[in-house]
Each structure stands twice: as C-alpha cells, then as structure tokens.
Amino acid sequence: MGCGSSNATSSYKYDIDTMWDQVSRTVDSRGKMDKQLVISRSGWKTVRIFVSSTFRDFHAEREVLVKEVFPDLRVWCEKRRLHLVDCDLRWGVPKDTTTEETLRTCLGEIDRCYQDNIMPFFLNLTSERCGWIPNQNEIPESIATDYRWVNGLSVTEMEIMHGAYRKDNINSLFMIRDSSFLKSVPVQFHKDFVDVNPVAPAKLQMLKQMLKERFGAKQLQFYNCEYEGVNDQKKVVFKGLDKTLGKQVHDFFKERISLQYPLQTTNLDLFQQSREAHESFMKNRSASVLGRTELLEQIKEHVIGIGIDVPFVLLGGPGTGKSSIMARVSDVTVSKALLKEIPGGGDQGWHVFYHFVGAVPGSPNLESTLKRLLKELGIVNDTTMPKDLESTCQLTYATLSNPNTRPLILIIDALNQFDESKESTVLTWLPSKLSPQVRCIFSMIDETPQHKTLQSRPNRPTEVYVTPLDMTSREAIVTETLGKYQKRLDKQQMASLLSKESSQNPLWLSIACEELRVFGSFESLSDKINGLADGLLHLLAQILTRFEKENGGKMLVATLCLLECSCHGLLETELLSILGDEDHLMPPNNSSEKKEKGEGESREKKFSDIGPLSAHKWARVFRALKPFLRPFGDSGEGRLDFYHRSLSKAVRAKYFSGNSEENLYRWWHAKLANYFERVANLERKAEEYPHHLTKIGDQKRLVAFLTDWNVFDHYYREDFSGELLALWREAVDSMATMEELYIARLDKLAESNTMNEEDMSLQYEKVGRVLMQAGQLKTCFKLLEKSMKIETDLGARPERMVILYDVLGTMHNERLVLHDYMTKAMMPDLKPAIQYRQKSLEIGVGLTEDRFRLKRAFSLMKLAFNLRTWIYLKGDNTLSASEATDLGFESLKEAKKIFVELDDKAHVAECIMNEAMLISDDSQQEGLEMYGEAEALSYQVCGEMSVLSSRIVINKGILLEEMGKMEDAFDYFSLGKKIKTEVFGEEHPQTLRMIRTLNEPAFKRIGQRRAKEATKT
C-alpha cells in the first residue's frame, strides 16, 4: 500500500508539473505593462468585480460579500460616479446547463470585465476544494481555442488564468482560507469543504505556491474563520468573516478602483460629455463600411464644392446603413480637418460638429444639441447661453446663415428622430440658404416631416438615396463578419443566403450573420440559412422567439419590454433590481389579478425583500441580447438600450400588439414608475420617473414629485424653467393650482425652521421666478417681497439685493407686455419697473464679476427701453421726458461699454439700435445713421437672417416712414417680412404683422406699381 500510495503521489506531481509547464507557455510576455493603469473618464463608468470560487464551500463568504462588502463599496463608488457590478456566476447555475454554456458564461463574463475595465477587478476564494476538472473530451474546440485551455485545470483555475494569472493582473486579489477552520467544523459537514478527488491536495498546494510567486503578499492574503452554526438552509455559517475577509476585500478593491479611476479634479460640462459620447459612437460604427465608396465620394465632393448653400441629405429606410455611413463620414472628416486637408477652411480650418440622434442619452433633444453646437463654435458661453428652444433656434439660424461664422461642417444622423416639436419638424433653426462656408450633411428616413420640409423650400437640398447593397458588397460583408469568428460559408450556402431579398439591407445581413455565427450544428447550417425569415422585422421576430426558448423565457421578454418602455434606456443595475422580483415579472393574464401600484393595490413584494437578479440568470439574457443592445455611446456608463430602432419596432409588434396593447404599455410604465419612485439618484429619477407617471396618468404622484424641493432645484432655470412647467401642465389643470401647491409647501418650509434665512430667501425668489414664468404675477410679487424682507434683516447683501430689485423690475415689465397699446394705463407698472431697475443698478455699482457685469448691461438696456415708453407717455413730475432721454442715453452708453469689454458684439448692435430709437425723437437723420451702424454690425455678427437684424431693419423702416421716405420704408419692411418668414415661418404673428404693414394702402400701391414696372421690364 505504501509503495502504491507513493507512486500515485509521484504521478500526480508529475502531471501537475506538466500542466503548469503548459500554463507558463500561455502567460502573456508583456505582463507588467499594465501595472500603473490609470483611466481618464467623463460621466459615469461601470466597474465590474468578478468573483471566482468553488461553489459548495464558499456560501458563507459570498453572503458577506453580497450583503455587506459590495453594498458598502457600491455606495463609495457612486460618490465617485462609478456603478459597481459584482459578478458571481456560481450562484444558481442550473443542472441542465451544457458544458459549453457553463464555460462560456464564466469566461465570457471575464471578457466583459476586460471590455469595461481594460484590466478586470478579479477576486478568487480558495480553500480545500479545486472543483470541477473537465475531461479533455468535454472541452469544445472553440472554447479551447478562444481561451487557450490547459488540460487538467479546473474551471476555477481556468478563471484564474484568464482573469488574472496570464496578465499578472494588478487588480486581482486571492483570498486563501486557512485550513485550520476545519477543526471547528462538525465532521458531518466536512464533505462540503474537502475535495474527495485524490489529486486535490497536491493540485491546491501547487496553485497556492504559483499564486504566491506570481502576485506577492499584497495580492495573496490568508484569512481565518471559525464555525458558528448553520442557517435556515442548513448551510454552515462562519464568524469573523466581516473583520477578516470582508475588510481585506473592501480595502483592496477600494484602493485599486481609486487608482485606476481617480476622482475627477475637473468635471466636463454636459456638452463636453455629450461630445465624448458621440465620439465613442462614431468610432464604434465607422469601423466597417463596405460597398459605399461612390456615396462617400459624393459627400466628399459636396464638402469641398464651391457655391454650396444647401444641405446634403442622405435618404433611406430603416437598416439601410445610414448611421454607419454618417459615422464614417464624421471620422474621416474630423481627421482631415485636423490636418487641414479640406480646402476652403482658411487659417482657422474647418470645425466639424457631429451628432447621432438616438445614440446617447439626451441626443434627441434639439435644444441641447443646438446649444452644444453654438458653444463649440464659441458663439455663446455659459453666461450668454440662450434661455429656451425658440431663442436657441433663432441664434442657430443666424449663425448658419452668417458669412462671418467659422468654417463649419455640420453632420447630423437621423434628423427625423429629434423629439417632436415645431422647431424639429419645421426646421426653424436651419436657413434655407446656408452661408458659403457652412456645410450641412444630414441623414433621415424619406417622406418624414423633416424631409418634406426641406423639399418644400425654394432651395431644395441635394438628395442621395442609400441604394441596396450589390452582390459583391453583400458577399464581402458576410465574409468579413463571419471571418472574425473563424467561420465561413461554402458557395452554395453563400448563394442561398444572398438570394434572399432582404440581404440587400445591411442591418438584415449583419443580424443574419450573427444568427449563423451562434448556430452550433454545421451539418444543419444550410437548413438554418434557408429558414431565416426574409424581411427585417420578420427576422427579428424569429430571433426573439428563439431567444425566449433558449435564453431566459419570461426574463428575456421582461427585459425587452422594460427597455422599450424606458425613456432613455436603463442602467444594468436598474434592470437587475427590477428583474429581481421574479414572482411578478410579467403582466397578469386576467383582470382578476392585482394590478401595479397606480392602478390599484400594489402586487409587488416589499422593496426590502427583493434582491437583484442573480448574475447567472442575467448573463444568459444579456449574452443573447448583446448584439442588439448598446451601452449608450459605449461610454462605459452601463446604460442599455436597443442598438437600432428596428428592434424597438419588432418588440412592439411581438409583445405589445392586440386588443390589450394600451393595458400592456400601462402595466410596464407603472412597473417602471414604481421602481424609479424608490431611486435615490435624482438625475436618473428625473429622467425616467415623471415620464412613466405621465404615461399612466398618475397626477397625484407627479404632483408629489414636483413639489419635492430637491426636484424643484433640479428643474429650476433662472431664465425659463421650461421642463418644470411642462411637467406641471401634465400634473394639474392650471398654473393656479401649481401656485397654490408651491405656496403651501413654502409656508410649511418656513414653519419648520429647517432652512436657514439665506436659503429661505433664495427659495422665495426661485419660486417667485417660476410663478412669473408661468404668468402668476400677483403671487410672484408677494414672494419677492418676502425674500426682500429677509435680505433686509440680514443686512441687505449687495449681491442679493441687486438681483431681487432687478427681478421686481422684470415682473412689472411682464405686466407691461400685457398692454396692446402704449397708454397712460401702463404707468402703474412702468414707474416701478424703472425705479426697481434704477435701485438694482445703484446697488450693483461695486460688483465687478463678469456675471454681475453682464446682468448689469442687460438691466441697463431694459431700463433704456422702459424709459423710451416713459418718454412717449410724457412721464410725470418725478421724471421729465428730457431727463428720461438723458438717462436713457447714459444707460445705453454704459451697457455698450460693458458689452464691448465682454466682446459681445451682438448686444453692442442692439445697444446702438436702442440709441437710434431714442435719438430719432430729436434728430431723425442722426437716428437713421445709427440704424445703419447697428444694421452693419448685426449683419457681421449675426447675419442678415437673424432676429436682431429683423428688429433693426423694421425699426429703420418705421423711421423712414416717419421721415416720409416711403419707397425706402417699403424696401425695409419687405426685407423685414423676408427675414421674419425665414426665421419664424409664414404663420408666426411677427410675420403676419409685417404682411399687414405691407398691405396698408400706401405700401400696397408701391408694391403694385413696382410689380407692373417689373412686368414691363
């Protein structure tokens, strides 16, 4: 026996030595290169920690990790704008899982860690079991090739190889449980902790030795624990794990994460974050564009062409490859612009702006897109940013039509997918005639409202349709796509695939290739090809049916429905939390079942009773859907949504059609509303929660949400809180109700004494501004008075008093706008408007920061405008008309000086216009000259087709009419009409006003005479 035992041990040792020799040949030689990995980032990032261990013997440790260590780490990560995802795939692996599926699940999840974090955060727990050692025949050839499998290694050891050992991963931690714990464990439980495989002791001894040599004491740590008893599931519980294992794991990964993702010292603003996200999407989609050489050449000729003043429009149906083409165009154009290889850019060179609607969060928002464009061009800064969509569109229009704008190439993919609004449909931001140094390249689906708008314009765009792929291009796409995975079709199979009509569509072809790639039986491959559904939506429906059957059933369907109903996609962590309630995963089958909260009594478990979906179950769903999902912009934020809108259509057709369509949507929106009601991250909550409450018509909860002060602060904008007011219109029947609710909340806040006086004053002001924006002027005044009283008691701080007096002036000015004509009835509001402005300006003399100086300049202009009305109404004994005139000129002179110093030429032009209006009362000729000066400067800065230019030319026309120069006045009113029509549209009140002016008898006669003369000519 002794000799036999010795021989067996020697044999084991020889086999183990041989195995580790093979391991050494698979180790990456570059090893230490990634030791100082530091990743710069913007926005949120997902961090994955992969947990590797045998299953039966580490139940207690996993409980501590999942319930204590990782939650603490997650809280810490969120403060650093990091999402933590712990990946423990040993939890709940079903018995009927195939070997290949198990191995791909484990090793594939490590692949995801590489993709997200470059070097995985890897935790291994090792003790006295080595776990499952697959036989050589059990390892599929594809697995052996893809992961350089070493025969004789256990699955756990192979995880160690792939996730840590081969790359000398600095982010890996190995926690070795000291074998002394067995002394405290009752004998009947030893079978759960000791491997019965005779090779295990020698194998584990060698593993621990090799890990020690490879990683050192910091990454290889030992811990002790002691038997405490068993839990309700008859699983052994150890005591002391929180202080030994838990603390070591927590501290190690906290240090490694902070080193790899250091806390950002400078935060990118939202516009910079958006640009980076679009850049990531561009790089991802531009990698492979085949068979489009001629089309790309046409776009190139448009960019470098001379005398181009219309957009280039790329047209085609869903899935025709427009986004990939636009991504390639963007990528190439950016590179060539940086090298100044594109002619016509002058000394500055071309600025390239690219935007992919639907590709990243917020990308369908037209206002934010145009503001990003204006900021990149240097037209505006944070202080001078337009306050709403209308003014943003007007400034963009002026910029794109202005010959002094920097050379610009504007590339927008999916123009028809901007959020629905008049501005996005009618394209009020896009001039019909572009400036000579502006190139616009758009893609869209043909016959959409945006396409029809462009076609209806006098200057029609250059249109090119994306044609179906030719046979050579189709074959190249199939060969390249399958070739990445060492797969190819024979001639007959290729012919069968390409004979399908839908193979002309790039998206159908790429989806079909992915479906063939994952198909396991080569013998049945031809039948599989023949069975692929012809038609994009039909193919997607076919694939979704297979997914249901093979990858999670209801879990997969629920994932698709949740993503379809989400407003801006869902974070992976959010999906896992929602899917964790597996007992109530799907809508009820009949009306007798309880409904979601918001439609009756909640059928949900208590939130505290629901844990996230197990990593293994999610891995199956994610692995199936991965080709059709995208993390927005591939930025690593971890937010998932459909990669293409065609999948959204397929999901709607398959899971939301029929007589119960409305109820199904309502159920899923209610489920999402219930989840986001509990979400603490206000940024995410504000993106999703009110959207779902609106969809289910839950006004009660929407009101409760909007009256939360944190929510108020999130949506509040000093100039115009458009989003907040839009939500209130969904929540209540009138703005008066909103007013009552806010006043009640303010009273309650004041009574509670939970807010200091300074903040209470600011809150009164902010609510007052919102009420003023909503037209509730009476209550606005009362709140501003309360704020003023608090500030007076606090010592009348200048930086606050200057703002409050100015807001009071603005409020009275809002009342003045309600008058149709200038009459003495305006005096009760005109006088305080002037007095409050004067008081604000008096207090603000000593405030020299740019933000205060800019506010002062605007206040001075508004004061001058009010003074002109005062002069027209002859004033009163407190301020004569002549005194008002002098004060108006002084105000405009100071405002102009500030605007000059801040290099704000547009407002300099506006000041000159206001000076012309004032001086015209005494000297019409001098006023006419000043109008000419303002006109020239406005054309230079804003272009002819701009709101400011329209105001100047119309005011100049009015002066010419007063001077009796009717022919010249007719010319300027006609120009004013042209600009108003271009900027605002034919039906806008300002355009209609110009039409009425030109229809007045005197001007009508001039127009008729000129038309006759033109006919004779």
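Draft legend 1. Structural detail: the overall build of the protein. Each helix and strand in the protein was counted, giving 41 helices and 15 strands. By principal-axis analysis of the C-alpha atoms, the protein measures approximately 125 × 75 × 60 Å. Out of the 1017 residues belonging to the protein, those deemed buried represent 52%. Look at the contacts in the protein between residues 6 or more apart in sequence, and 73% of them connect residues 24 or more apart. Carbon and sulfur atoms form 50% of the exposed surface of the protein, whose accessible area is close to 47100 Å². Charge-centre separation for the protein: the mean point of 135 positive side chains lies 2 Å from the mean point of 145 negative side chains.

Draft legend 2. Inspection of the sheet that holds strand S8 (residues 312-315) at higher detail. Spatially, S9-S10-S11-S8-S12 is the arrangement adopted by the five strands of the open sheet, whose pairing is parallel. The two strands at the open ends of the sheet, each matched to only one other strand, are strand S9 (351-356) and strand S12 (462-465). With direction set aside, neighbouring strand axes in the sheet form an average angle of 15°.

Draft legend 3. Geometry of the sheet that holds strand S1 (residues 45-53). The strand order S2-S1-S3-S4-S5 describes an open sheet built from five strands, whose pairing is parallel. The outermost strands of the open sheet, each flanked by one partner alone, are strand S2 (82-87) and strand S5 (220-223). Direction aside, the axes of adjacent strands within the sheet are offset by 20° on average. Direction of pairing for strand S4 (residues 172-177) relative to S5: parallel, over a ladder of four bridges. Along S5, the bridge assignment pairs Phe174 with Leu220. With respect to the sheet, helix H6 (residues 200-215) is in contact with strand S3 (121-126), S4 and S5, its orientation differing from that of S4 by roughly 140°.

Draft legend 4. Quick look at the packing of aromatic side chains. One pass over the structure, following the stated rule, counts 28 aromatic pairs. Note on Phe121 and Tyr261: the rings are 6.5 Å apart at their centroids and 40° apart in plane angle, and the pair reads as tilted. In this pair, Phe121 is assigned in strand S3 and Tyr261 in the loop between helix H7 (242-260) and helix H8 (270-285), connecting sequence segments 140 residues apart. Pairing Phe181 with Phe238 gives two aromatic rings, centres 5.6 Å apart and planes at 90°, and the pair type is edge-to-face. Taken together, the residues span a long stretch of sequence, with Phe181 in the loop between S4 and H6 and Phe238 in strand S7 (residues 236-239) at a distance of 57 residues. What links up through ring pairs into an aromatic cluster is the set Trp20, Phe50, Phe122, Tyr165, Phe174 and Phe215. In this arrangement the basic side chain of Arg177 is found over the ring face of Phe58, its NZ or CZ atom lying 4.3 Å from the centre.

What counts and how
Residues numbered from 1 in each chain as written. Predicted model: local features only at pLDDT ≥ 70, side-chain atom pairs only at ≥ 80, totals over all residues. Heavy atoms only, no water. Helix = DSSP H or I, 4+ residues; strand = E, 2+ residues; numbered from the N terminus. Buried < 20%, exposed > 50% of the residue type's maximum accessible area, 1.4 Å probe, protein only. Contact = heavy atoms within 4.5 Å. Areas by Shrake-Rupley, 256 points an atom, 1.4 Å probe, with all protein chains shown as cover. Lys, Arg positive; Asp, Glu negative; His and termini not counted. Charge placed at Lys NZ, Arg CZ, Asp CG, Glu CD. Pairing = 2+ DSSP bridges. Axes fitted to C-alpha atoms, helices over the stretch in contact; angles between N-to-C directions. Phe/Tyr/Trp six-rings, centres within 6.5 Å; stacked < 30°, edge-to-face > 60°. Lys NZ or Arg CZ within 6 Å of the ring centre and 35° of its normal.

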